[in-house]
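Overview (structure and organization)
Residue-level listing of the chains:
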Amino acid sequence: MDKTNTKFSEKEHISKKRIETILFIFLLSLLFLKGNLQGQNTNPNTLKTRVVLLGTGTPGPNPNCSGPATAVVYGKRFFLFDAGSGVERMINAAKLPINGPEATFITHLHSDHTLGYPDLILTSWLMRRKKALNVYGPHGLQRMTNLLLDAYYEDIDIRTNHLEKEQAEYLKVNVKEIDSGIVYDSAGVKITAIPVLHGDWKEAYGFRIDTPDRSIVISGDTRPCDALVKASEGVDILVHEVYFGKGLKPEKRPGGEYWPEYCKSYHTSDIELGTIANKAKPKLLVLTHIIRNDATDSDLISGIREGGYKGKVIVGKDLDQF
Ligand SMILES: [Zn+2]
Ligand SMILES: [Zn+2]
């Protein structure tokens, strides 16, 4: 056998081995990198955007469920959706800025969604808000704002013109009465108003929030509505109102016989929501504004499954974060 040839083939063999090893390490690092990148996209600790339920209640003064309010936080930026009863206390409980969000969005003017609005205006002012409060919502919001400021005239006068020496200029509220479409687009956060169907209300909105790392839809109060389904297709989180359909019965009060008809026209049942979520396929469905009609959490989830949704669903509780 030719010695040179043997040497050559040995060398060839060694370099083949080297190439194989290098390729193996390269593939291994690609896999590692892929895993890491996937981790970055799904690990809630590395996401900059989160949803905080500040109030999952309804008009009923349940001490465990504050009035409707949801926070979307992107880094240090805080956006508020609805201002139900107790909103400033819940903002504080969630360790969010009590001196006011970057912007507030009101879905509609029902009292349960706005009882915390004077609290938001006045308390965030007293907690050292240094700029006007920016609020977006349906037509009629400007009038409500003017009347609320007028209703607190004596309070504002005492606090600004006497020893508290509060600064009147920071009490300012900039109201923007909106229509459907993009209503906010600033430094990576885009917010779109979706017209929803809430009984006889002429104007009620859900909101879609898009940040660089997540998409979220908040339904507001609505019965099943195609526009909301479309806006929710494939979102990371759908936060949706719900009532327990099987527990629906007339209430014992004057006009209470209309309660089931009211719910069907103004709200979305658990089974209907299961169907909506099955169409929209959000990565996570969160129930809020829960009209329980005596249902347990598992009753509600059974209804969602009956409607067809097989994905992840959570019955929201105050201060839950996602
Ligand atoms: Zn409502
Ligand atoms: Zn409501």
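The rules behind the values
- Every chain is numbered independently, its residues counted from 1 as its sequence is written.
- Chain A is the first chain written and ligand 1 is the first ligand written, with later ones labelled in order.
- Totals for whole chains, interfaces and linings use all residues, but because this is a predicted model, local features are given only for residues with pLDDT of at least 70 and pairs of side-chain atoms are given and counted only at 80 or more.
- Strands are runs of DSSP state E lasting at least two residues, helices are runs of H or I lasting at least four, and both sets are numbered from the N terminus onward.
- We call two residues in contact whenever the C-beta atoms placed from their backbones are within 7 Å.
- Put simply, a residue is buried when 20 or more other C-beta atoms lie within 10 Å of its own C-beta and exposed when 12 or fewer do; between those, it is partly exposed, and each C-beta is set from the backbone.
- Strand pairing is assigned whenever DSSP detects at least two bridges linking the two strands.
- The definition of a right-handed crossover adopted here requires that, viewed with the strands pointing away, the path from the first strand over the helix to the second runs clockwise.
- Values of pLDDT, which run from 0 to 100, indicate the predictor's confidence residue by residue.
- In this description, a line fitted to the C-alpha atoms serves as the axis of each element, helices being fitted only across the stretch in contact, and the angle between N-to-C directions of two axes falls anywhere from 0 to 180 degrees.
- Put simply, angles under 35 degrees are roughly parallel, angles over 145 are roughly antiparallel, angles from 65 to 115 are roughly perpendicular, and the rest are oblique.
- For any pair of crossing helices, the crossing counts as left-handed if the nearer helix is rotated counterclockwise from the farther one by less than a right angle, and right-handed if it is rotated clockwise.
- For this scheme, ten residues count as nonpolar: Ala, Val, Leu, Ile, Met, Phe, Trp, Tyr, Cys and Pro. Four count as charged, namely Asp, Glu, Lys and Arg, and the remainder, Gly too, count as polar.
- Definition of nonpolar core: a set of buried Ala, Val, Leu, Ile, Met, Phe, Trp, Tyr and Cys residues joined via C-beta atoms within 7 Å.

Looking only at helices and strands, one finds 10 helices and 13 strands in the chain. Once local pairs closer than 6 in sequence are excluded, the contacts in the chain between residues at least 24 apart make up 67%.

Moving on, we come to the pairing of strand β12 (residues 284–291). Along β12, 7 of the 8 residues are buried, which leaves the element largely enclosed by surrounding structure. One ladder, built from 7 bridges, connects strand β11 (residues 237–243) with β12; its direction is parallel. Bridge assignment links Val 242 to a residue of β12, and that residue is Ile 290. One ladder, built from 4 bridges, connects β12 with strand β13 (residues 312–315); its direction is parallel. Each bridged residue has a counterpart across the sheet, and for Leu 287 the counterpart in β13 is Val 315. Note that the unit made of β12, helix α10 (residues 297–307) and β13 has a crossover that is right-handed.

The next point concerns the confidence of the model for the chain. In the predicted model, the chain carries a mean pLDDT of 91, and 86% of its residues have values of at least 70. For the stretch residues 31–42, pLDDT sits under 50, and the model shows 1 contact to residues farther than four places along the chain or on other chains.

At a closest axis distance of 6 Å, the pairing of helix α9 (residues 270–280) and α10 adopts a crossing angle of 50°. Viewed along their axes, α9 and α10 adopt a mutual orientation that is oblique. Our pair here, α9 against α10, has a crossing hand that is right-handed. In this structure, α9 uses Asp 270, Ile 271, Glu 272, Leu 273, Gly 274, Thr 275, Ala 277 and Asn 278 to contact α10, whose residues at the interface are Leu 300, Gly 303, Ile 304, Arg 305, Glu 306 and Gly 307. The residue inventory of the contact of α9 with α10, partitioned by class, reads 5 nonpolar, 5 polar and 4 charged.

Our focus in this paragraph is unusual backbone geometry. Of note in this structure, Ala 187 is not a glycine but carries a positive phi near 45°. Tracing the backbone through its elements, the reader meets Ala 187 in the loop between β7 (181–186) and β8 (189–195). At Asp 294, a position not held by glycine, the phi torsion is positive, near 70°. Note on placement: Asp 294 falls in the loop between β12 and α10.

Spatially, the 6 strands line up as an open sheet ordered β1-β2-β3-β4-β5-β6, and their pairing is mixed. Only two strands of the sheet have a single neighbouring strand rather than two, namely β1 (49–55) and β6 (173–177). The sheet shows a mean angle of 20° between the axes of neighbouring strands, direction not considered. Relative to β6, strand β5 (residues 133–137) is paired through 5 bridges, and the arrangement is parallel. In the sheet register, Asn 134 faces β6, and the bridge partner there is Asn 174. Sheet strands touched by helix α5 (residues 141–151): β5 and β6. Its angle to β6, the strand with the most contacts, is close to 155°.

This part covers the nonpolar core. Counting residues in hydrophobic clusters, the biggest one holds 66 residues, and the most contacted among them are Val 72, Phe 207 and Ile 216. Beyond its immediate chain neighbours, meaning those up to four positions away, Phe 207 contacts Phe 81, Phe 105, Ile 191, Thr 192, Ala 193, Ile 194 and Ile 218.

Quick look at the sheet that holds β12 now. Pairing in this open sheet of 7 strands is mixed, and the strands run β7-β8-β9-β10-β11-β12-β13 from one edge to the other. Because the sheet does not close on itself, it has two edges, and the strands there are β7 and β13. Neighbouring strand axes in the sheet, compared pairwise and without regard to direction, differ in orientation by 20° on average. As judged from the 3 bridges shared by strand β10 (residues 215–218) and β11, these two strands associate in the parallel manner. Paired with Ile 218 across the strands is Val 239, a residue of β11. Of the strands in this sheet, β11, β12 and β13 touch α10, which is tilted by about 145° from β13.

Turning to α9, a few remarks are in order. Among the residues of α9, Asp 270, Ile 271, Leu 273, Gly 274, Ile 276, Ala 277 and Ala 280 are the ones counted as buried. Taken together, the buried residues of α9 touch α7 (226–231), β11, β12 and α10.

Mapped onto the elements of the fold, Glu 261 is located in helix α8 (residues 259–266). The spatial distance from the C-alpha of Glu 261 to the C-alpha of Lys 249 is 9.6 Å, given a sequence separation of 12 residues.

Across the 6 residues that make up strand β2 (residues 69–74), a large majority, 6, are buried. Side chains Ala 69, Ala 71 and Val 73 of β2 all project onto a buried face; the interleaved residues Thr 70, Val 72 and Tyr 74 project onto the opposite face, where all are buried too. Here 6 bridges tie β1 to β2, and the two strands are oriented antiparallel to one another. Bridge pairing in β2 places Leu 53 opposite Thr 70. Strand direction decides the pairing type here: β2 and strand β3 (residues 77–81), joined by 5 bridges, are antiparallel. Within the sheet, the bridge partner assigned to Tyr 74 lies in β3 and is Arg 77. The loop that links β2 with its antiparallel partner β3 comprises 2 residues; one of these, Gly 75, has a positive phi angle of about 60°.

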